[in-house]
Amino acid sequence: MGTSRPYDIVLFGATGFTGGLTAEYLARHAPEGCRWALAGRDPAKLERVRERLAALDPACASLPLLTADAAQADTLRDLAARTRVVISTVGPYLRYGEPLVAACAEAGTDYVDLTGEPEFVDLMYLKHHRAAVASGARIVHSCGFDSLPHDLGALLTVRQLPSDAPVFVEGFVRAAGTVSGGTVASALMAVSRPLAMVRAARRRRAAEPTPAGRRSRAVLRGPRWSADARAWTLPMPTIDPMVVTRSATALDDYGPDFRYAHNAAVKWLPVALVGGVGVVAALAAAQLPPVRRALERTRKPGEGPDERRRAKGWFTVRFAGRSGNERVWTEVSGGDPGYGATSLMLAESALSLAFDDLPVTAGQLTPAAAMGTALIDRLTAAGMRFAVLQAPPRSAPGRWKG
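Residues numbered from 1 in each chain as written. Predicted model: local features only at pLDDT ≥ 70, side-chain atom pairs only at ≥ 80, totals over all residues. Heavy atoms only, no water.

**A look at the overall build of the protein**
Okay, so step 1: The helix and strand tally for the protein stands at 16 helices and 15 strands.
Okay, so step 2: Looking at the protein as a whole, 52% of its 402 residues are labelled buried.
Okay, so step 3: For the protein, contacts bridging at least 24 residues in sequence account for 81% of all contacts bridging at least 6. (Helix = DSSP H or I, 4+ residues; strand = E, 2+ residues; numbered from the N terminus. Buried < 20%, exposed > 50% of the residue type's maximum accessible area, 1.4 Å probe, protein only. Contact = heavy atoms within 4.5 Å.)

As structure tokens, then:
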């Protein structure tokens, strides 16, 4: 893709809560000469976002505003044709996301989002991966807290280990933060369709080629005490292990036989047990339309935690890896996982696609496969911490709350 297009990056969904935070991040951190624009369906709301950005940087007063609607495919095709990279924060992605992915795949335009919806990711692979390969587009989902810390942390871990033997990595997550209306809606949409999610995953497995001589898979480990985490742990039913194992399929670094386990880490056993019961109860409740609608009403789209509450958010993910007799421990940590850190990660992912010297790839890709260590370097420079621990851990990851 050349630079003849008028924009390097267009942020679609700039009037939403996470979209607005991503716009603020770009206003503060986009490099000099970066040609970027805001896009959404309501020109008046876009104008208000631009006014807010101009208070951060007066140069943003002339930021271009593009009108595009997720329900009008022609406006999305026009948007994709005018930029090198699109950021999408318009969810739930199962409801609103496909037309923009389709437009980018056809136009050869790179695309990033922050989805945690496995069914959406699998369907986009089935429907648009081939078109993206043909056009040269890089379609990179899950570039927020789902799933950058886990995907890039696993990559950092395996690169400290021999790659000629089976590799096993465990991730242990601790985090504190609150959620927005858009996050609630996306999460409920994802978990309310278990059979459809399983069918999409099965169809993708049947269609997606796997490299000869290599395999990767996610494994579930029950609630237990972990010496590596220095905590009680329970499995996390998120998109993250799917992303990590797809990176392992795409890249040689993960060895011939890679396994990954993804866990939440908590201080007390009763918390772990109650947490496990709570997850099961939430999954069951989301299957009932009246309950799901009531949960959706707890936060309206566009609403989210204020700056004071976001400032209290944090996350730490510890990884324990082994290959043969070799052991390694790493950690990835940052600020408010749902919003402050996610807007940083999403914006830096788009900047990486736009400006970094990356491997020549195309199609639907994981963050590690598309951007790898270049993105780790960017996120480190932006304030996230990627660390290789020098000895077995003596304390739990992150800060204990309560």
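Still more to cover.
**Here we look at the side chain of Thr-22**
Okay, so step 1: Structurally, Thr-22 can be placed in helix α1 (residues 17-29).
Okay, so step 2: Residue classification places Thr-22 among the buried positions, given a relative accessible area of 0%.

**Things to note about the nonpolar core**
Okay, so step 1: Grouped together as the largest cluster of nonpolar side chains are 62 residues, with contacts concentrated most on Ile-9, Trp-36, Leu-38, Leu-53, Phe-258 and Leu-379.
Okay, so step 2: With 9 residues, helix α14 (residues 340-355) is the single largest residue contributor to this core.
Okay, so step 3: Apart from residues lying up to four places away in sequence, Phe-258 is in contact with Val-158, Val-167, Val-169, Arg-215, Ser-216, Arg-217, Val-244 and Ala-248.
Okay, so step 4: Ala-68, Leu-100, Ala-132 and Ala-200 belong to the second largest nonpolar core, which has 30 residues in total. (Core = buried A, V, L, I, M, F, W, Y, C linked by side-chain atoms within 4.5 Å.)

**Focus on the environment of Ser-147**
Okay, so step 1: Assignment of secondary structure puts Ser-147 in the loop between β6 (138-140) and α7 (148-158).
Okay, so step 2: Relative accessible area serves as the criterion here: at 0%, Ser-147 is assigned to the buried category.
Okay, so step 3: Separated by 219 residues in sequence, Ser-147 and Thr-366 place their C-alpha atoms 9.2 Å apart.
Okay, so step 4: Sequence-distant contacts of Ser-147, that is, excluding residues within four places in its chain, are made with Ser-142, Ile-239, Asp-240 and Val-243.

**Concerning α14**
Okay, so step 1: Counted at 1.5 Å a residue, the expected span for α14 with its 16 residues is 22 Å, and the 22 Å between its end C-alpha atoms agrees.
Okay, so step 2: Counting buried positions along α14 gives 14 out of 16 residues, so the element sits mostly inside the fold. (Expected span 1.5 Å × (residues − 1).)

**With respect to the packing of aromatic side chains**
Okay, so step 1: One pass over the structure, following the stated rule, counts 5 aromatic pairs.
Okay, so step 2: Ring plane angle 40° and centroid distance 5.6 Å describe the contact between Tyr-93 and Phe-120, whose orientation is recorded as tilted. In this pair, Tyr-93 is assigned in helix α4 (residues 93-96) and Phe-120 in helix α6 (residues 118-135), connecting sequence segments 27 residues apart.
Okay, so step 3: With relative accessibility at 2%, the residue Tyr-93 sits in the buried group.
Okay, so step 4: The cationic tip of Arg-84 hangs over the ring face of Phe-355; the distance from NZ or CZ to the ring centre is 5.8 Å. (Phe/Tyr/Trp six-rings, centres within 6.5 Å; stacked < 30°, edge-to-face > 60°. Lys NZ or Arg CZ within 6 Å of the ring centre and 35° of its normal.)

**Things to note about the layout of surface pockets**
Okay, so step 1: Counted as a void, the second largest pocket has a volume near 440 Å³.
Okay, so step 2: Around the second largest pocket sit 20 residues that line it, and Arg-28, Arg-310, Gly-340, Ala-341 and Ser-343 are the ones nearest its centre.
Okay, so step 3: Sorting the residues of the lining of the second largest pocket by element identifies α1, α2 (43-56), α13 (307-311), β13 (326-335) and α14 as the ones contributing at least two each.
Okay, so step 4: For the lining of the second largest pocket, the element with the highest residue contribution is α1, accounting for 5 residues. (1 Å grid on protein atoms, 1.4 Å probe; cavity = no way out; pocket = protein on both sides within 12 Å on 5 of 7 lines; lining within 4 Å. Points joined across faces, edges and corners; volume = space filled by probe spheres on them.)

**Some details on unusual backbone geometry**
Okay, so step 1: For the bond from Gly-91 to Pro-92, the omega torsion is 0°, close enough to zero to count as cis.
Okay, so step 2: For Pro-92, the location among the structural elements is in the loop between β4 (83-88) and α4.
Okay, so step 3: Here Asp-146 and Ser-147 are connected by a cis peptide whose omega angle stands at 5°.
Okay, so step 4: We note that Ser-142 has phi near 60°; this positive angle belongs to a residue other than glycine.
Okay, so step 5: Residue Ser-142 is classed as buried on the basis of its relative accessible area, which comes to 2%.
Okay, so step 6: Here the phi dihedral of Arg-230 falls at roughly 55°; this positive angle occurs in a residue that is not glycine.
Okay, so step 7: Residue placement: Arg-230 occurs in the loop between β9 (224-226) and β10 (231-235).

**Structural notes on empty space enclosed by the protein**
Okay, so step 1: Using the criterion set out here, one finds 1 cavity of 30 Å³ or more in the structure.
Okay, so step 2: Estimated volume of the largest cavity: approximately 30 Å³.
Okay, so step 3: As for the largest cavity, its lining consists of Val-101, Met-124, Tyr-125, His-128, His-129, Ala-132, Ile-139, His-141, Gly-363 and Gln-364.
Okay, so step 4: Contributing elements (two or more residues each) for the lining of the largest cavity: α6 and β14 (363-365).
Okay, so step 5: For the lining of the largest cavity, the element with the highest residue contribution is α6, accounting for 5 residues.
Okay, so step 6: Taken together, the residues of the lining of the largest cavity sort by class into 5 nonpolar, 5 polar and no charged. (Nonpolar A, V, L, I, M, F, W, Y, C, P; charged D, E, K, R; others polar.)

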